[in-house]
Amino acid sequence: MPSDQSTWLIAVPQDGDSEGLLPEITSKLPQQTRVAELGIPSFKTGTLDSLIALSEELPKQDAFFTGTVAKIVDTLRNLLNNDPTKLAQHILVNEGSVDDYILRGWKWNDSRYGVQRSLREMVDVLNKEMASIDNVMKAKLNNYNIVKGSLVQMQRKKTGNLSIRSLVGIVSKEDIIQDSEYLETCLVAVPKIIVKEWNLKYERLTNMVVPRSSSPIASDSEYALFGVVIFKRVHDQFVQKCRENKFIVRDFTYSEAQIAKEGEELEIADTTEKELWTELLRLSRTNFSESFQILVHLKNLRLFVESVLRYGLPANYVGLAIRPEPKYTKKTLSVLTNHLNYLSPRSSGRAQKQNTADEFAGEYQSLMEQEFFDFVLYEVPWIVL
């Protein structure tokens with residue numbers, strides 16, 4: 001059964017029986033169901049072998065095209081923090097809604113994909129365009145993710161508790177002994193629950209700790225940061241004793257040049273990330289519109305190829321686009337099946353070919369996986385916001 005989360009594209013032969021199809025179908029369907037004409041051009045049919053080859057190839061192209069559209073939507077969703085309101089403002093086709101693009105008398109873009117081409121040529125053109133979009137999106141997204149990852153890493157250094165975060169901007173020049181031949185300041189992050197223990201122990205952790213030199217520098221909800229003066233020669237021993245007592249010695253060298261450099265690097269990374277975010281958002285919006293149009297054109301080609309194989313010549317077909325109301329999906333399908341059952345004699349031959357393919361598992365393999373109706377039906381998945 002077709003999905004209740006997709007728009008159905010349908011094709012039937014254009015003959016006396018199909019006259020007035022749109023108003024007749026519309027009158028029988030639930031009022032919430034949207035129905036519109038779908039223009040199916042009279043393409044060059046080519047040979048039977050070429051049509052069979054395309055019928056085998058097109059499902060693979062369809063999956064690739066659908067996947068590319070879905071990846072662009074995911075990119076937009078991530079850029080917009082899963083905000084459905086903002087996403088709806090970017091999931092547009094030619095600045096209109098997806099539904100309006102399909103359900104307002106869709107027509108083949110002849111100026112871009114001239115029907116004078118062979119079916120093979122048109123498939124190749126569509127595939128080339130979609131592959132180009134996919135490659136551009138991959139490159140841009142990868143570039144953005146690298147810059148974003150670098151920025152997040154820099155920002156992470158400024159977050160967290162005092163045992164792990166960067167001490168730039170926390171420790172000042174006045175907190176550190178500099179340019180001393182013998183003495184140095186050790187910065188120690190002490191869990192708040194054992195600060196009292198620190199005050200009692202630090203002078204006796206090793207020899208050569210300057211008495212009463214511990215001074216508080218900063219604190220957060222978990223740790224207090226102290227500076228304590230020791231002789232350089234006992235540095236390694238002091239670090240080891242601190243570790244044994246669950247005091248964390250922070251490796252930090254005060255450098256105004258380094259502070260300025262880190263600030264500049266963070267600013268550059270932040271600016272670059274914003275620029276790439278804006279560029280990727282614009283590109284994703286544009287490429288969604290382009291890729292969705294390419295996808296619908298491929299679906300239209302599939303309708304045509306399958307219709308020729310199923311109903312034969314002349315290659316003139318009537319198309320309908322139907323957006324079912326999810327709770328009336330079964331009723332909608334039932335109306336279509338009953339109204340178009342006059343096609344059964346013409347489509348039964350094609351169905352028989354599908355059944356006999358079980359014995360050969362060859363040229364009709366992909367068709368065996370499709371649900372069969374008397375009319376030709378393909379689906380365009382809805383974009384879930």
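Residues numbered from 1 in each chain as written. Predicted model: local features only at pLDDT ≥ 70, side-chain atom pairs only at ≥ 80, totals over all residues. Heavy atoms only, no water.

Caption draft 1: How the structure looks around the pairing of strand 3 (residues 183-191). With eight of nine residues buried, strand 3 lies mostly within the body of the structure. Sheet topology note: the strand 3/strand 5 (residues 223-231) ladder contains nine bridges and is antiparallel. The residue of strand 5 that forms the bridge with Val-190 is Ala-224. (Buried < 20%, exposed > 50% of the residue type's maximum accessible area, 1.4 Å probe, protein only. Helix = DSSP H or I, 4+ residues; strand = E, 2+ residues; numbered from the N terminus. Pairing = 2+ DSSP bridges.)

Caption draft 2: Representation of the sheet that holds strand 7 (residues 317-323) within the structure. Taken together, four strands build an open sheet; the order of strands is 2-7-1-8 and the sheet is antiparallel. The open sheet has two edge strands, strand 2 (34-38) and strand 8 (376-381), and neither has a second partner. Strand-to-strand twist across the sheet, computed as the mean angle between neighbouring axes with direction ignored, equals 25°. Relative to strand 7, strand 1 (residues 6-13) runs antiparallel, the two being bridged by six bridges. (Axes fitted to C-alpha atoms, helices over the stretch in contact; angles between N-to-C directions.)

Caption draft 3: The arrangement of the packing of aromatic side chains in detail. Taken as a whole, this structure holds twelve aromatic pairs when the rule is applied. Following the ring pairs from residue to residue traces out a cluster consisting of Phe-43, Trp-106, Trp-108, Tyr-113, Phe-304 and Tyr-317. (Phe/Tyr/Trp six-rings, centres within 6.5 Å; stacked < 30°, edge-to-face > 60°.)

Caption draft 4: Quick peek at the pattern of salt bridges. Throughout the structure, instances matching the rule amount to 19 salt bridges. Here Glu-273 and Lys-148 are joined by a salt bridge, their closest N and O atoms 3.7 Å apart. Of this pair, Glu-273 sits in helix 8 (residues 256-311) while Lys-148 sits in helix 5 (residues 119-156); the two residues are 125 residues apart in sequence, bridging distant segments of the chain. Of the charged contacts, one joins Glu-244 and Lys-241 as a salt bridge, the two residues approaching to 3.8 Å between their closest N and O atoms. With a gap of three residues between them, Glu-244 and Lys-241 both fall in helix 7 (residues 235-244), about one helical turn apart. (Salt bridge = Lys/Arg side-chain N within 4 Å of Asp/Glu carboxyl O.)

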